Amino acid sequence: MHKIIKAKFIKKYWFNIIQTENGFYVFNTQRKRKLPDRDGIGYIVPESECNTLDEAVNFLEEYEKGGYDV
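Just so you know, these numbers come straight off a predicted model, no measurement behind them.

Chemist: I'd love a proper account of the packing of aromatic side chains, names of residues and values included.
Modeler: Inspection of the entire model under this criterion finds three aromatic pairs. Taken together through their ring pairs, the aromatic side chains of Phe15, Phe59 and Tyr63 make up a single cluster.

Chemist: Describe helix H1 (residues 53-65), with residues and values.
Modeler: Over its 13 residues, H1 runs 19 Å from end to end, which matches the ideal 18 Å to within 8%, given 1.5 Å per residue. Burial in H1 covers these residues: Ala56, Val57, Phe59, Leu60 and Tyr63. Relative to the axis of H1, the buried residues are bounded by an arc of 160 degrees and lie together on one face. Away from the buried face of H1 by more than 90 degrees, exposed residues Asp54 and Lys65 are located. Check the buried side of H1 and you find it contacts strand E1 (3-10), strand E2 (13-20) and strand E3 (23-28).

Chemist: Run through the sheet that holds E1, naming residues and quoting values.
Modeler: In sheet architecture, strand pairing relies on hydrogen bonds along the backbone and comes in two forms, parallel and antiparallel. The four strands lie next to each other as E1-E2-E3-E4, forming an open sheet whose pairing is antiparallel. Either end of the sheet is taken by a strand with one partner, and the two such strands are E1 and strand E4 (43-44).

Chemist: Any details on the pattern of salt bridges? Residues and values, ideally.
Modeler: A full pass over the atoms with the stated rule returns two salt bridges. Notably, a salt bridge pairs lysine 8 with glutamate 64, separated by 2.8 Å at the nearest N-O pair. One end of the pair, lysine 8, is in strand E1; the other, glutamate 64, is in helix H1, and 56 residues separate them in sequence. You can call lysine 8 partly exposed: its relative accessible area is 25%. Put simply, lysine 65 and glutamate 62 hold a salt bridge, and the shortest N to O gap is 3.6 Å. Linking lysine 65 with glutamate 62, this pair stays in helix H1, spanning three residues, or about one helical turn.

Conventions adopted
Residues numbered from 1 in each chain as written. Predicted model: local features only at pLDDT ≥ 70, side-chain atom pairs only at ≥ 80, totals over all residues. Heavy atoms only, no water. Phe/Tyr/Trp six-rings, centres within 6.5 Å; stacked < 30°, edge-to-face > 60°. Helix = DSSP H or I, 4+ residues; strand = E, 2+ residues; numbered from the N terminus. Expected span 1.5 Å × (residues − 1). Buried < 20%, exposed > 50% of the residue type's maximum accessible area, 1.4 Å probe, protein only. Arc of directions from axis to C-beta. Contact = heavy atoms within 4.5 Å. Pairing = 2+ DSSP bridges. Salt bridge = Lys/Arg side-chain N within 4 Å of Asp/Glu carboxyl O.

The structure is reproduced here in structure tokens:
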């Protein structure tokens, strides 16, 4: 089961920090606004798997500073 821990709007897309059984990762929702049905939309940001929430938050902040691919 996945749980959204934090969501952040960067430029024009929503990014979520997701918690899994194995840690955390950043997910690009490919949504420009909130949608009720999120299934099948978006992708895991490459190299965003982290062991702790702090690492995931730092990754997302650095990702925002360095630009991103959509």
